[in-house]
Amino acid sequence: MSSETLQTFLQTNLQDLKEHGLYNEIDPLESANGQMITINGKTLVNLSSNNYLGLATDERLKQVAKEAIEHYGVGAGAVRTINGTLDIHLKLEQTIAKFKGTEAAISYQSGFNCNMAAISAVMDKNDAILSDELNHASIIDGCRLSRATVIRFNHSDMEDLRAKAKAAKESGKYNKLMVITDGVFSMDGDIAKLPEIIEIAEEFDLMVYVDDAHGSGVLGKGAGTVKHFGLQDKVDFQIGTLSKAIGVVGGYVAGRRDLIDWLKVRSRPFLFSTAVTPADAVAATKAIELLMESTELNDRLWENGDYLKKGLKSLGFNIGDSETPITPCIVGDEKLTQTFSKRLFEEGVYAKSIVFPTVPKGTGRVRNMPTAAHTKEMLDQALTVYEKIGKELGII
Ligand code: PMP
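Bear in mind the structure is a predicted one, so any value in this text is a computation, not a measurement.

Undergrad: When you look at the domain arrangement of the protein chain in this model, what are you seeing that I'm missing?
TA: Interfaces are often described in size by the accessible area the parts lose on coming together. For the protein chain, the domain assignment lists domain 1 (21-50 + 295-392) and domain 2 (58-293). Taken over C-alpha atoms, the centre of domain 1 sits 27 Å from the centre of domain 2. Put simply, the parts of the chain that give the side of domain 1 that touches domain 2 at least two residues each are α13 (296-315) and β10 (327-332). Class assignment for the residues of the side of domain 1 that touches domain 2 results in six nonpolar, eight polar and three charged.

Here you go:
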(Lines give C-alpha, C1' and ligand atoms only; values in the text may rest on other atoms or scores of the structure.)
Protein backbone atom coordinates (compact mmCIF):
# COMPACT_ATOMS: atom_id res chain seq x y z
CA MET A 1 0.00 0.00 0.00
CA SER A 2 1.66 3.26 -1.07
CA SER A 3 1.58 6.37 1.07
CA GLU A 4 -1.52 8.52 0.82
CA THR A 5 0.58 11.66 0.56
CA LEU A 6 2.31 10.29 -2.50
CA GLN A 7 -0.96 9.19 -4.06
CA THR A 8 -2.59 12.60 -3.56
CA PHE A 9 0.50 14.40 -4.87
CA LEU A 10 0.68 12.29 -8.03
CA GLN A 11 -3.00 12.23 -8.85
CA THR A 12 -3.54 15.95 -8.35
CA ASN A 13 -0.53 16.94 -10.40
CA LEU A 14 -0.99 14.46 -13.23
CA GLN A 15 -4.63 15.47 -13.59
CA ASP A 16 -3.64 19.13 -13.67
CA LEU A 17 -1.10 18.56 -16.45
CA LYS A 18 -3.61 16.58 -18.49
CA GLU A 19 -6.29 19.26 -18.12
CA HIS A 20 -3.90 21.92 -19.37
CA GLY A 21 -2.64 19.94 -22.35
CA LEU A 22 0.80 19.72 -20.75
CA TYR A 23 1.06 15.95 -20.36
CA ASN A 24 3.34 14.44 -22.99
CA GLU A 25 2.37 11.00 -24.22
CA ILE A 26 5.28 8.80 -25.30
CA ASP A 27 5.00 6.87 -28.57
CA PRO A 28 7.37 3.88 -28.70
CA LEU A 29 9.01 3.27 -32.08
CA GLU A 30 8.89 -0.20 -33.62
CA SER A 31 11.70 0.70 -36.03
CA ALA A 32 15.05 2.45 -36.00
CA ASN A 33 14.84 6.22 -35.47
CA GLY A 34 15.59 6.91 -39.14
CA GLN A 35 13.99 9.20 -41.71
CA MET A 36 10.91 6.93 -41.85
CA ILE A 37 9.66 5.35 -38.62
CA THR A 38 6.98 2.88 -37.56
CA ILE A 39 4.69 3.54 -34.62
CA ASN A 40 1.74 1.30 -33.88
CA GLY A 41 2.18 -0.38 -37.25
CA LYS A 42 1.98 2.98 -39.05
CA THR A 43 4.84 4.26 -41.25
CA LEU A 44 5.56 7.96 -40.92
CA VAL A 45 7.94 10.61 -42.25
CA ASN A 46 10.04 11.32 -39.18
CA LEU A 47 10.65 14.99 -38.47
CA SER A 48 11.41 14.66 -34.78
CA SER A 49 14.78 13.02 -34.29
CA ASN A 50 18.10 14.70 -33.53
CA ASN A 51 19.73 12.24 -35.89
CA TYR A 52 20.78 15.19 -38.07
CA LEU A 53 23.13 13.31 -40.36
CA GLY A 54 21.31 9.98 -40.45
CA LEU A 55 24.26 8.32 -38.70
CA ALA A 56 22.14 6.43 -36.15
CA THR A 57 21.49 3.79 -38.80
CA ASP A 58 24.69 4.14 -40.83
CA GLU A 59 26.05 0.77 -41.98
CA ARG A 60 29.66 1.78 -41.30
CA LEU A 61 28.85 2.59 -37.67
CA LYS A 62 26.84 -0.61 -37.26
CA GLN A 63 29.74 -2.65 -38.59
CA VAL A 64 32.34 -1.28 -36.15
CA ALA A 65 29.83 -1.60 -33.30
CA LYS A 66 29.32 -5.30 -34.09
CA GLU A 67 33.07 -5.88 -34.19
CA ALA A 68 33.49 -4.08 -30.85
CA ILE A 69 30.81 -6.25 -29.24
CA GLU A 70 32.62 -9.36 -30.48
CA HIS A 71 35.95 -8.17 -29.11
CA TYR A 72 35.01 -6.30 -25.91
CA GLY A 73 31.51 -7.55 -25.07
CA VAL A 74 28.54 -5.35 -24.33
CA GLY A 75 29.61 -3.43 -21.22
CA ALA A 76 32.67 -1.60 -19.92
CA GLY A 77 32.52 -3.53 -16.65
CA ALA A 78 33.52 -0.85 -14.14
CA VAL A 79 33.76 2.90 -13.71
CA ARG A 80 36.55 4.56 -15.66
CA THR A 81 38.88 5.06 -12.70
CA ILE A 82 38.69 1.46 -11.45
CA ASN A 83 39.25 -0.57 -14.61
CA GLY A 84 36.44 0.42 -16.95
CA THR A 85 38.62 2.54 -19.24
CA LEU A 86 39.00 0.59 -22.47
CA ASP A 87 41.53 1.65 -25.10
CA ILE A 88 38.59 2.55 -27.34
CA HIS A 89 37.38 5.14 -24.79
CA LEU A 90 40.76 6.83 -25.05
CA LYS A 91 40.66 6.65 -28.84
CA LEU A 92 37.21 8.28 -28.74
CA GLU A 93 38.53 11.11 -26.57
CA GLN A 94 41.56 11.66 -28.79
CA THR A 95 39.28 11.78 -31.83
CA ILE A 96 36.97 14.30 -30.15
CA ALA A 97 39.95 16.54 -29.29
CA LYS A 98 41.10 16.43 -32.90
CA PHE A 99 37.56 17.16 -34.11
CA LYS A 100 37.24 20.16 -31.81
CA GLY A 101 40.81 21.43 -32.22
CA THR A 102 41.62 21.21 -28.49
CA GLU A 103 44.49 19.69 -26.50
CA ALA A 104 42.31 17.01 -24.93
CA ALA A 105 38.77 15.74 -24.29
CA ILE A 106 36.88 13.66 -21.75
CA SER A 107 33.77 11.63 -22.49
CA TYR A 108 30.69 10.96 -20.36
CA GLN A 109 27.64 8.72 -20.57
CA SER A 110 25.44 11.50 -21.96
CA GLY A 111 25.38 15.19 -22.72
CA PHE A 112 23.13 15.68 -19.70
CA ASN A 113 25.66 14.00 -17.42
CA CYS A 114 28.44 16.00 -18.94
CA ASN A 115 26.89 19.32 -17.88
CA MET A 116 26.20 17.98 -14.41
CA ALA A 117 29.82 16.82 -14.25
CA ALA A 118 31.79 19.68 -15.69
CA ILE A 119 30.07 22.71 -14.16
CA SER A 120 30.08 21.34 -10.64
CA ALA A 121 33.71 20.17 -10.89
CA VAL A 122 34.94 23.69 -11.56
CA MET A 123 32.44 26.08 -9.93
CA ASP A 124 31.49 26.31 -6.25
CA LYS A 125 29.54 28.45 -3.80
CA ASN A 126 32.05 31.29 -3.97
CA ASP A 127 31.61 31.65 -7.75
CA ALA A 128 28.96 33.02 -10.10
CA ILE A 129 27.64 31.75 -13.43
CA LEU A 130 26.05 33.98 -16.06
CA SER A 131 23.61 31.71 -17.84
CA ASP A 132 21.40 32.41 -20.88
CA GLU A 133 17.77 32.10 -19.78
CA LEU A 134 17.08 29.56 -22.53
CA ASN A 135 19.98 27.26 -21.70
CA HIS A 136 19.23 23.53 -21.67
CA ALA A 137 17.84 21.85 -18.55
CA SER A 138 21.10 19.96 -17.97
CA ILE A 139 22.99 23.26 -17.74
CA ILE A 140 20.45 24.55 -15.25
CA ASP A 141 20.85 21.40 -13.16
CA GLY A 142 24.64 21.48 -13.46
CA CYS A 143 24.64 25.07 -12.22
CA ARG A 144 22.40 24.16 -9.27
CA LEU A 145 24.63 21.26 -8.36
CA SER A 146 27.69 23.51 -8.27
CA ARG A 147 26.03 25.78 -5.66
CA ALA A 148 27.46 28.81 -7.48
CA THR A 149 25.29 31.94 -7.70
CA VAL A 150 23.39 31.77 -10.99
CA ILE A 151 22.76 35.07 -12.77
CA ARG A 152 20.39 34.57 -15.69
CA PHE A 153 20.66 36.95 -18.61
CA ASN A 154 17.92 37.57 -21.16
CA HIS A 155 18.15 35.28 -24.14
CA SER A 156 21.07 36.31 -26.39
CA ASP A 157 20.77 39.87 -25.02
CA MET A 158 24.33 41.12 -25.03
CA GLU A 159 23.55 44.39 -23.27
CA ASP A 160 21.99 42.46 -20.42
CA LEU A 161 24.94 40.06 -20.27
CA ARG A 162 27.43 42.94 -20.24
CA ALA A 163 25.56 44.79 -17.46
CA LYS A 164 25.29 41.66 -15.33
CA ALA A 165 28.91 40.61 -15.94
CA LYS A 166 30.09 44.11 -14.99
CA ALA A 167 28.01 44.12 -11.82
CA ALA A 168 29.23 40.65 -10.83
CA LYS A 169 32.86 41.57 -11.45
CA GLU A 170 32.65 44.92 -9.67
CA SER A 171 30.83 43.48 -6.66
CA GLY A 172 34.05 41.69 -5.75
CA LYS A 173 31.86 38.96 -4.22
CA TYR A 174 32.93 36.07 -6.42
CA ASN A 175 36.15 34.11 -6.87
CA LYS A 176 35.48 32.86 -10.38
CA LEU A 177 33.02 33.94 -13.05
CA MET A 178 31.76 31.87 -15.97
CA VAL A 179 29.38 32.50 -18.85
CA ILE A 180 27.44 29.53 -20.20
CA THR A 181 25.47 29.34 -23.41
CA ASP A 182 24.04 26.77 -25.75
CA GLY A 183 25.79 27.02 -29.15
CA VAL A 184 22.48 26.48 -30.96
CA PHE A 185 19.18 26.86 -29.10
CA SER A 186 17.21 23.75 -29.85
CA MET A 187 13.67 25.07 -29.66
CA ASP A 188 14.12 28.02 -32.04
CA GLY A 189 17.25 27.05 -33.98
CA ASP A 190 19.03 30.36 -33.32
CA ILE A 191 22.81 30.59 -32.84
CA ALA A 192 24.51 32.07 -29.77
CA LYS A 193 26.24 35.40 -30.38
CA LEU A 194 29.62 33.94 -29.55
CA PRO A 195 31.87 36.74 -30.82
CA GLU A 196 30.09 39.26 -28.56
CA ILE A 197 29.97 36.81 -25.65
CA ILE A 198 33.72 36.34 -25.91
CA GLU A 199 34.35 40.08 -26.08
CA ILE A 200 32.39 40.52 -22.84
CA ALA A 201 34.15 37.51 -21.30
CA GLU A 202 37.54 39.05 -22.05
CA GLU A 203 36.51 42.38 -20.59
CA PHE A 204 35.25 40.92 -17.31
CA ASP A 205 37.45 37.84 -17.02
CA LEU A 206 34.75 35.21 -17.49
CA MET A 207 35.44 31.58 -18.36
CA VAL A 208 33.50 30.62 -21.49
CA TYR A 209 31.43 27.43 -21.59
CA VAL A 210 29.56 26.47 -24.78
CA ASP A 211 27.20 23.51 -24.95
CA ASP A 212 27.13 22.68 -28.64
CA ALA A 213 24.77 19.72 -28.54
CA HIS A 214 22.81 21.04 -31.54
CA GLY A 215 25.70 22.79 -33.31
CA SER A 216 28.15 19.90 -33.65
CA GLY A 217 27.73 18.11 -36.94
CA VAL A 218 25.58 21.00 -38.11
CA LEU A 219 27.47 24.33 -38.07
CA GLY A 220 31.07 25.00 -39.13
CA LYS A 221 30.81 22.34 -41.86
CA GLY A 222 30.15 19.85 -39.07
CA ALA A 223 32.81 20.96 -36.58
CA GLY A 224 30.35 23.05 -34.57
CA THR A 225 29.44 26.56 -33.51
CA VAL A 226 32.86 27.48 -32.10
CA LYS A 227 34.54 26.57 -35.39
CA HIS A 228 31.75 28.31 -37.31
CA PHE A 229 32.94 31.56 -35.71
CA GLY A 230 36.66 30.56 -35.77
CA LEU A 231 36.88 30.98 -31.98
CA GLN A 232 38.51 27.68 -30.94
CA ASP A 233 41.18 29.44 -28.88
CA LYS A 234 38.69 31.55 -26.96
CA VAL A 235 36.30 28.96 -25.55
CA ASP A 236 37.39 27.18 -22.37
CA PHE A 237 34.79 24.41 -22.35
CA GLN A 238 33.42 22.95 -25.59
CA ILE A 239 30.61 20.61 -24.59
CA GLY A 240 28.90 18.23 -26.94
CA THR A 241 26.72 15.18 -27.15
CA LEU A 242 27.35 12.01 -29.11
CA SER A 243 23.60 11.36 -29.33
CA LYS A 244 22.44 13.85 -31.95
CA ALA A 245 24.43 14.44 -35.17
CA ILE A 246 26.92 11.77 -34.11
CA GLY A 247 24.03 9.30 -33.91
CA VAL A 248 25.09 7.24 -30.87
CA VAL A 249 25.06 8.16 -27.16
CA GLY A 250 27.42 9.96 -24.77
CA GLY A 251 28.71 13.43 -24.08
CA TYR A 252 32.06 15.21 -23.88
CA VAL A 253 34.08 18.21 -22.80
CA ALA A 254 36.90 19.34 -25.08
CA GLY A 255 39.41 21.87 -23.82
CA ARG A 256 42.91 22.41 -22.43
CA ARG A 257 44.74 19.39 -21.11
CA ASP A 258 44.86 20.48 -17.48
CA LEU A 259 41.09 21.06 -17.52
CA ILE A 260 40.56 17.50 -18.76
CA ASP A 261 43.03 16.18 -16.16
CA TRP A 262 41.02 17.99 -13.47
CA LEU A 263 37.70 16.60 -14.70
CA LYS A 264 39.19 13.10 -14.63
CA VAL A 265 39.86 13.42 -10.92
CA ARG A 266 36.98 15.64 -9.84
CA SER A 267 33.89 15.12 -12.01
CA ARG A 268 31.59 12.73 -10.29
CA PRO A 269 29.86 11.00 -13.23
CA PHE A 270 33.35 10.11 -14.54
CA LEU A 271 34.42 8.78 -11.16
CA PHE A 272 31.26 7.03 -10.07
CA SER A 273 29.33 5.91 -13.15
CA THR A 274 30.30 3.35 -15.80
CA ALA A 275 31.25 4.68 -19.23
CA VAL A 276 29.46 4.14 -22.54
CA THR A 277 29.52 0.64 -23.96
CA PRO A 278 32.23 -0.59 -26.36
CA ALA A 279 29.78 -0.45 -29.28
CA ASP A 280 28.94 3.18 -28.44
CA ALA A 281 32.59 4.18 -28.15
CA VAL A 282 33.67 2.81 -31.51
CA ALA A 283 30.52 3.90 -33.35
CA ALA A 284 30.89 7.47 -32.08
CA THR A 285 34.58 7.48 -33.00
CA LYS A 286 33.74 6.27 -36.50
CA ALA A 287 31.03 8.94 -36.89
CA ILE A 288 33.45 11.72 -35.97
CA GLU A 289 36.08 10.33 -38.35
CA LEU A 290 33.49 10.36 -41.15
CA LEU A 291 32.60 13.98 -40.34
CA MET A 292 36.26 14.99 -40.46
CA GLU A 293 36.77 13.21 -43.80
CA SER A 294 33.85 14.65 -45.74
CA THR A 295 31.19 17.37 -45.58
CA GLU A 296 28.81 15.40 -47.79
CA LEU A 297 26.27 14.60 -45.04
CA ASN A 298 26.49 18.11 -43.61
CA ASP A 299 25.85 19.63 -47.05
CA ARG A 300 22.81 17.41 -47.51
CA LEU A 301 21.45 18.35 -44.08
CA TRP A 302 21.52 22.06 -44.97
CA GLU A 303 20.00 21.45 -48.38
CA ASN A 304 17.11 19.54 -46.81
CA GLY A 305 16.71 22.08 -44.04
CA ASP A 306 16.48 24.95 -46.52
CA TYR A 307 14.01 23.02 -48.65
CA LEU A 308 11.66 22.29 -45.76
CA LYS A 309 11.89 25.81 -44.37
CA LYS A 310 11.10 27.42 -47.71
CA GLY A 311 8.17 25.05 -48.19
CA LEU A 312 6.62 25.68 -44.77
CA LYS A 313 7.17 29.42 -44.97
CA SER A 314 5.53 29.67 -48.39
CA LEU A 315 2.52 27.77 -47.00
CA GLY A 316 2.17 30.54 -44.44
CA PHE A 317 3.45 28.89 -41.25
CA ASN A 318 5.26 30.90 -38.58
CA ILE A 319 8.68 29.23 -38.55
CA GLY A 320 10.33 31.77 -36.26
CA ASP A 321 13.89 32.96 -36.88
CA SER A 322 15.83 29.72 -37.06
CA GLU A 323 19.36 30.01 -38.45
CA THR A 324 19.90 26.24 -38.58
CA PRO A 325 17.98 23.25 -40.01
CA ILE A 326 15.80 23.18 -36.84
CA THR A 327 12.40 24.35 -38.09
CA PRO A 328 9.69 25.16 -35.57
CA CYS A 329 6.09 25.72 -36.64
CA ILE A 330 4.92 28.02 -33.89
CA VAL A 331 1.25 27.57 -33.08
CA GLY A 332 0.94 29.24 -29.64
CA ASP A 333 -1.90 27.56 -27.78
CA GLU A 334 -0.83 24.29 -26.14
CA LYS A 335 -3.97 22.30 -26.90
CA LEU A 336 -4.06 23.41 -30.53
CA THR A 337 -0.38 22.49 -30.84
CA GLN A 338 -1.11 19.00 -29.58
CA THR A 339 -4.10 18.60 -31.89
CA PHE A 340 -1.95 19.76 -34.81
CA SER A 341 0.73 17.20 -34.04
CA LYS A 342 -1.89 14.46 -33.60
CA ARG A 343 -3.51 15.23 -36.96
CA LEU A 344 -0.11 15.27 -38.68
CA PHE A 345 0.49 11.84 -37.17
CA GLU A 346 -2.81 10.52 -38.48
CA GLU A 347 -1.82 11.71 -41.96
CA GLY A 348 1.67 10.12 -41.84
CA VAL A 349 4.00 12.80 -40.46
CA TYR A 350 5.73 12.54 -37.11
CA ALA A 351 6.44 16.05 -35.82
CA LYS A 352 6.23 16.21 -32.08
CA SER A 353 4.50 19.00 -30.23
CA ILE A 354 6.67 20.89 -27.80
CA VAL A 355 4.90 22.80 -25.07
CA PHE A 356 5.53 24.32 -21.65
CA PRO A 357 7.73 23.66 -19.64
CA THR A 358 10.12 22.84 -22.50
CA VAL A 359 9.19 26.19 -24.11
CA PRO A 360 7.51 29.22 -22.49
CA LYS A 361 3.71 29.12 -22.03
CA GLY A 362 1.77 30.27 -25.09
CA THR A 363 4.59 29.43 -27.54
CA GLY A 364 3.65 25.79 -28.22
CA ARG A 365 5.09 24.52 -31.43
CA VAL A 366 5.52 21.52 -33.64
CA ARG A 367 9.24 21.22 -34.20
CA ASN A 368 10.69 19.79 -37.39
CA MET A 369 14.14 18.29 -37.56
CA PRO A 370 15.01 17.55 -41.18
CA THR A 371 18.05 15.31 -41.61
CA ALA A 372 20.61 14.47 -44.27
CA ALA A 373 18.82 11.15 -44.78
CA HIS A 374 15.46 12.55 -45.92
CA THR A 375 14.72 12.46 -49.63
CA LYS A 376 12.94 15.33 -51.42
CA GLU A 377 9.96 12.98 -51.87
CA MET A 378 9.67 12.50 -48.12
CA LEU A 379 9.84 16.23 -47.50
CA ASP A 380 7.24 16.87 -50.21
CA GLN A 381 4.97 14.27 -48.63
CA ALA A 382 5.32 16.09 -45.32
CA LEU A 383 4.61 19.50 -46.89
CA THR A 384 1.42 18.21 -48.52
CA VAL A 385 0.19 16.98 -45.14
CA TYR A 386 1.21 20.24 -43.44
CA GLU A 387 -0.84 22.22 -45.94
CA LYS A 388 -3.91 20.03 -45.46
CA ILE A 389 -3.86 20.04 -41.65
CA GLY A 390 -2.72 23.65 -41.34
CA LYS A 391 -5.80 24.74 -43.30
CA GLU A 392 -8.10 22.30 -41.52
CA LEU A 393 -7.15 23.74 -38.10
CA GLY A 394 -7.02 27.36 -39.25
CA ILE A 395 -3.31 27.68 -38.50
CA ILE A 396 -2.58 28.94 -42.03
N1 PMP B 1 22.63 19.95 -23.91
C2 PMP B 1 21.77 20.39 -24.83
C3 PMP B 1 21.87 21.80 -25.30
C4 PMP B 1 20.81 19.52 -25.37
O5 PMP B 1 19.95 19.94 -26.29
C6 PMP B 1 20.76 18.19 -24.91
C7 PMP B 1 19.78 17.17 -25.48
N8 PMP B 1 18.47 17.40 -25.29
C9 PMP B 1 21.66 17.79 -23.94
C10 PMP B 1 22.59 18.68 -23.47
C11 PMP B 1 21.64 16.40 -23.39
O12 PMP B 1 22.27 15.54 -24.27
P13 PMP B 1 22.06 13.95 -24.12
O14 PMP B 1 20.80 13.62 -24.80
O15 PMP B 1 23.28 13.39 -24.76
O16 PMP B 1 22.01 13.67 -22.66
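Once you've had a look at it, read on.
Undergrad: What exactly am I supposed to notice about the UniProt feature "domain: Aminotransferase class I/classII large" (unreviewed entry) in the protein chain here?
TA: Following the UniProt record, one finds the feature "domain: Aminotransferase class I/classII large" (unreviewed entry) at residues 43-384. End-to-end, the C-alpha atoms of residues 43-384 are 16 Å apart, and along that stretch the chain is 46% helix and 16% strand.

Undergrad: Whenever I open this one, the sheet that holds β10 confuses me. Can you help?
TA: As a general point, the strands of a sheet are linked pairwise by backbone hydrogen bonds and lie either parallel or antiparallel. Taken in spatial order, the three strands of this open sheet run β10-β13-β12, and their pairing is antiparallel. A strand with exactly one partner marks an edge of an open sheet, and here the two such strands are β10 and β12 (353-354). Sheet topology note: the β10/strand β13 (residues 364-368) ladder contains five bridges and is antiparallel. Bridged to T327 within β13 is N368. Those strands touched by α13 are β10 and β13, and its axis lies near 30° from that of β10. This element, helix α14 (residues 334-346), spans β10, β12 and β13 of the sheet and lies at about 30° to β13.

Undergrad: What exactly am I supposed to notice about unusual backbone geometry here?
TA: Outside of glycine, negative phi angles account for most residues, and trans bonds account for most peptide bonds. The phi angle at N40 is positive, at roughly 55°, despite the residue not being glycine. Overall, N40 belongs to the exposed group, with 10 C-beta atoms counted inside 10 Å. The phi dihedral of K221 is positive, around 55°, even though this residue is not glycine. Tracing the sequence through the fold places K221 in the loop between β7 (207-211) and α9 (225-228).

Undergrad: Just checking my understanding: could you explain the sheet that holds strand β6 (residues 177-182) for this structure?
TA: Spatial ordering of the open sheet is given by β3-β9-β8-β7-β6-β4-β5, a layout of seven strands whose pairing is mixed. Looking at the sheet topology across the chains shown, the edges are occupied by β3 (104-108) and β5 (149-153). Strand-to-strand twist of the sheet, defined as the mean angle between neighbouring strand axes without regard to direction, takes the value 20°. Sheet topology places β6 next to β7; five bridges connect them, and they run parallel. From the neighbouring strand, T181 faces β7, where its bridge partner is V210.

Undergrad: What exactly am I supposed to notice about the environment of D27 here?
TA: Position of D27 among the secondary structure elements: in the loop between α1 (4-19) and β1 (36-39). C-alpha of D27 to C-alpha of I39: the two residues are twelve residues apart in sequence and 6.9 Å apart in space.

Undergrad: Hey, could you run me through helix α10 (residues 257-266) in this one?
TA: Along an α-helix, a turn takes 3.6 residues, which lines up residues three or four apart on a common side. Buried residues of α10: L259, I260 and L263, and no others. Taken around the axis of α10, the buried residues stretch over an arc of 95°, which confines them to a single face. Within α10, the exposed residues directed more than 90 degrees away from the buried face are R257, D258, D261 and V265. In this structure, the buried residues of α10 make contact with β3, α5 (111-122), β9 (251-255) and α11 (268-272).

Undergrad: Please clarify how the nonpolar core should be interpreted in this entry.
TA: Soluble globular proteins tend to pack their nonpolar side chains together in the buried interior. Ranked by size, the top nonpolar core spans 93 residues in total, and within it A118, V179 and V253 carry the most contacts. Here this core spans two domains, since at least three of its residues come from each of domain 1 (21-50 + 295-392) and domain 2 (58-293). Sequence-distant contacts of V179, that is, excluding residues within four places in its chain, are made with L130, L161, I197, A201, L206, V208 and Y209. Membership of the second largest hydrophobic core comes to 26 residues, among which are V45, F345, V366 and M378.

Undergrad: Just checking my understanding: could you explain the packing of α14 against helix α15 (residues 376-392) for this structure?
TA: When two helices pack together, their arrangement is given by the angle between the helix axes and by the axis-to-axis distance. Where α14 contacts α15, the axes come no closer than 10 Å and their chain directions differ by 140°. It follows from the interaxial angle that α14 and α15 lie oblique. Crossing of α14 against α15: the hand is right-handed. Taking contact as the criterion, the partners of F340, R343 and L344 in α14 are, on α15, V385, I389 and E392. Per-class residue counts for the contact of α14 with α15 are four nonpolar, no polar and two charged.

Undergrad: What should I look at first to understand the environment of V179 in this one?
TA: Turning to its location among the elements, V179 is positioned in strand β6. For V179, a count of 25 C-beta atoms within 10 Å translates into the label buried. Sequence separation between V179 and L44 is 135 residues; the distance between their C-alpha atoms is 41 Å.

Undergrad: Explain helix α4 (residues 87-100) here, please?
TA: Taking 1.5 Å per residue, 14 residues should reach 20 Å; α4 reaches 20 Å between its end C-alpha atoms and fits that length. Of all the positions in α4, only I88, H89, L92, E93, T95, I96, A97, F99 and K100 are classed as buried. Those residues of α4 that are buried are in contact with α2 (59-72), β3, β8 (237-241), β9 and α12 (278-293). Looking one or two residues beyond α4, the residue adopting positive phi is G101, at roughly 70°.

Reading guide: rules and limits
Residues numbered from 1 in each chain as written. Predicted model: local features only at pLDDT ≥ 70, side-chain atom pairs only at ≥ 80, totals over all residues. Domains from an automatic or database assignment. Helix = DSSP H or I, 4+ residues; strand = E, 2+ residues; numbered from the N terminus. Nonpolar A, V, L, I, M, F, W, Y, C, P; charged D, E, K, R; others polar. UniProt positions renumbered as here; feature names shortened; annotations may be inferred. Pairing = 2+ DSSP bridges. Contact = placed C-beta atoms within 7 Å. Axes fitted to C-alpha atoms, helices over the stretch in contact; angles between N-to-C directions. Buried ≥ 20, exposed ≤ 12 C-beta atoms within 10 Å, placed from the backbone. Arc of directions from axis to C-beta. Core = buried A, V, L, I, M, F, W, Y, C linked by C-beta atoms within 7 Å. Parallel < 35°, antiparallel > 145°, perpendicular 65-115°, else oblique. Left-handed = near helix turned anticlockwise from the far one by under 90°. Expected span 1.5 Å × (residues − 1).

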